[in-house]
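Chain and residue survey
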Amino acid sequence: DPIDSSITLADGKTVSVPGTLNLSYATLVVPLIKSVQELKADNDNLRAMLESIKASNENAQRLGSEVEQLRKELQELKKAQGK
């Protein structure tokens, strides 16, 4: 239910704020902490997935380089045999 509240400004004056709602510290902070914990877990999972993808990408690039080197060697062998 809305209640009349007041706030104290930096200059020390108090201003009335009619019809505001109050929220207890525990009601606000506990869900915020839980949300931050969930976001951290999600972030940690995403970082692990990213590292896995990076490793897979590096492996694919290495294999691509090896395939290219084998192609070059095969062409050289064919030239040496006169094909």
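Keep in mind the model is a prediction, meaning the values are calculated, not measured.

Across its full length, the protein holds one helix and two strands. Taking 2.2 N^0.38 as the reference for a compact globule, 83 residues should give roughly 12 Å; the C-alpha atoms of the protein span a radius of gyration of 33 Å, well beyond that estimate. Along the longest, intermediate and shortest principal axes, the C-alpha atoms of the protein span 95 × 25 × 20 Å. Residue burial in the protein is summarised as follows: out of 83 residues, 4% are buried. Accessible area of the protein: about 7,600 Å², with a carbon and sulfur share of 59%. Taking the average location of the 11 positive side-chain charges in the protein and that of its 12 negative ones, the two points are 14 Å from each other.

This next bit is on the pattern of salt bridges. Once their charged atoms are close, side chains differing in charge can pair, the charge on each being opposite to the other. This structure, assessed with the given rule, holds five salt bridges. Residue Asp44 is joined to Lys40 by a salt bridge in which the shortest nitrogen-to-oxygen separation is 2.7 Å. Of this pair, Asp44 and Lys40 both sit in helix α1 (residues 25–80), four residues apart, roughly one helical turn. Of the charged contacts, one joins Glu68 and Arg71 as a salt bridge, the two residues approaching to 3.7 Å between their closest N and O atoms. In this pair, Glu68 and Arg71 are both assigned in helix α1, three residues apart and thus about one turn of the helix distant.

We now examine a nonpolar patch on the surface. A cluster of nonpolar side chains, Ile7, Leu9 and Val15, forms an exposed patch at the surface whose accessible area comes to about 220 Å². Mapped onto the elements of the fold, Val15 is located in strand β2 (residues 14–20). In this structure Val15 comes out as partly exposed when scored by relative accessible area, which is 33%.

Another point: the environment of Ala80. Mapped onto the elements, Ala80 comes out in helix α1. A relative accessible area of 68% places Ala80 in the exposed class. As for Ala80 and Ala41, which are separated by 39 residues in sequence, their C-alpha atoms are 59 Å apart.

Thresholds, definitions, all that
Residues numbered from 1 in each chain as written. Predicted model: local features only at pLDDT ≥ 70, side-chain atom pairs only at ≥ 80, totals over all residues. Heavy atoms only, no water. Helix = DSSP H or I, 4+ residues; strand = E, 2+ residues; numbered from the N terminus. Rg over C-alpha atoms; globule rule 2.2 N^0.38 Å. Buried < 20%, exposed > 50% of the residue type's maximum accessible area, 1.4 Å probe, protein only. Areas by Shrake-Rupley, 256 points an atom, 1.4 Å probe, with all protein chains shown as cover. Lys, Arg positive; Asp, Glu negative; His and termini not counted. Charge placed at Lys NZ, Arg CZ, Asp CG, Glu CD. Salt bridge = Lys/Arg side-chain N within 4 Å of Asp/Glu carboxyl O. Patch = residues over 30% accessible without salt bridge, like charges linked within 9 Å, V, L, I, M, F, W, Y side chains within 5 Å.

Remember that the coordinates give geometry; whether it matters functionally is a separate question.
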